Amino acid sequence: MVTIWIDNIEEKIISAGNSLDNDCECIRSKSHEYFYTKFADDELSYDPANYSFSRGLLQDSLPEGKGIITRSKTWVWPKCSGFTSWTDSERSVKLHSVEGGWESGVMSGLQTFLYCNGVSYRAVFKCGVAQGLAIGSFKEKVVWVGRYEDGELVGKFCAIEPDGGALLTGNVTEGEMSGPDLTFLYPDMETGLRGSWQSGVMVAARQVVVSCVWVEEDQISLLQWQI
């Protein structure tokens, strides 16, 4: 069931983006989530000369409509090992480009963010903030699944090792893969390690046996007991 869910989840987020009403009535003066904030710029540091736009800009130097925005002097060198998350990528990796739609520079609809390590993240944005399902991919493989509410990560996440296929799942803590009760699930989907993790790195854990794994509302649940 988990494998089928992972294989089909990208289609689900594309469908969500296509069904979004593109006529979102965003009030610019009340939104600070312009595209350039994802590139670590703000109203003072933003300079359109530092970007490459696939289409023209409005008079206020902000993009309108759909296209691709690329940060100048950035390159993609694919490299991803272990567990990763969108929060981790935002903190430690430069953003190379974003593909999506904008209303006077405010992100609207399905957005794809490509980082310089080759990991990309997709989410649907409404009036500048992420809403609903979000996924991360590396070399066409899903490596992370999360959920946003008003731009904040909530609920359970699922991170997948790009090579081995092991999973790390549990509730997010301030957007991080951290907490005292996360579970590492081996590829056999029957054995795991349950315990404390910090930003996707194990601190302390004990072996558990997993008797049941299921997916509900795009979140993994486990029935497990400690050995």
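In this report, we go over the structure that sits alongside the text. Keep in mind that what you see is a predicted model, and the values were worked out from it rather than measured.

Side note on the overall build of the protein
Along its length, the protein carries two helices and 13 strands. Over its C-alpha atoms the protein spans a radius of gyration of 19 Å, differing by no more than 12% from the 17 Å that the globule rule assigns to 227 residues. Across its three principal directions, the C-alpha atoms of the protein cover 65 × 35 × 30 Å. Residue burial in the protein is summarised as follows: out of 227 residues, 48% are buried.

Quick notes on the pattern of salt bridges
A complete count under the given rule lists eight salt bridges for this structure. Taking the shortest distance from any N to any O, the salt bridge between Lys12 and Asp218 comes out at 2.8 Å. Here Lys12, found in helix H1 (residues 2–19), pairs with Asp218, found in the loop between strand S12 (201–216) and strand S13 (219–226); they are 206 residues apart in sequence, far enough to count as distant. In this structure, Arg91 engages Asp88 in a salt bridge whose closest nitrogen and oxygen atoms are separated by 3.1 Å. Of the two residues, Arg91 and Asp88 are both situated in helix H2 (residues 86–92); the distance of three residues between them amounts to about one turn of the helix. A cluster of three or more residues bridged by salt bridges with shared partners is formed by Lys12, Arg147 and Asp218.

Focus on empty space enclosed by the protein
Vacant regions in the atomic arrangement are exposed by a probe of water-molecule size rolled over the atoms. A full pass over the atoms with the stated rule returns one cavity of 30 Å³ or more. Roughly 60 Å³ of internal volume is contained in the largest cavity. Lining the largest cavity, in full, are Trp5, Leu133, Val145, Gly146, Arg147, Lys156, Phe157, Cys158, Thr169, Asp218, Gln219 and Ile220. Put simply, the parts of the chain that give the lining of the largest cavity at least two residues each are strand S7 (141–149), strand S8 (152–160) and S13. Here the residues of the lining of the largest cavity are counted per class, giving six nonpolar, three polar and three charged.

Describing H1
Between its first and last C-alpha, H1 extends 25 Å over 18 residues, near the 26 Å set by a 1.5 Å rise per residue. Approximately 40° is the largest bend angle found in H1, and it occurs at Asn8.

Basis of the calculations
- Numbers given for residues are sequential positions, taken from 1 along each chain in its written order.
- pLDDT decides what is reported in this predicted model: residues at 70 or higher carry local features, side-chain atom pairs at 80 or more are listed and counted, and totals for whole chains, interfaces and linings draw on all residues regardless.
- Calculated side-chain values reflect all of the structure's heavy atoms, with hydrogen atoms and water omitted.
- Secondary structure counts use DSSP, requiring at least four H or I residues in a row for a helix and at least two E residues in a row for a strand, with both numbered from the N terminus.
- All radius of gyration figures rest on C-alpha atoms, and the globule criterion is 2.2 Å times the number of residues raised to 0.38.
- The rule is simple: take the accessible area with a 1.4 Å probe, protein chains only, and divide by the maximum for that residue type; under 20% is buried, over 50% is exposed, in between is partly exposed.
- Basic side-chain nitrogens of Lys or Arg form a salt bridge, by our definition, when they fall within 4 Å of a carboxyl oxygen of Asp or Glu.
- Both site types are read off a 1 Å grid over the protein atoms alone. A 1.4 Å probe that fits but cannot get out defines a cavity, while an open set with protein on both sides within 12 Å along at least five of seven lines defines a pocket; lining residues have an atom within 4 Å of a point.
- Grid points are joined across faces, edges and corners, and a volume is the space filled by probe spheres set on the points.
- Three categories are distinguished: nonpolar for Ala, Val, Leu, Ile, Met, Phe, Trp, Tyr, Cys and Pro, charged for Asp, Glu, Lys and Arg, and polar for the others, with Gly belonging to the last.
- Here, expected helix span is obtained from the residue count minus one, scaled by 1.5 Å.
- Two axes enter the bend calculation: one fitted to the seven residues ending at the residue in question, the other to the seven starting there, and the bend is the angle between them.

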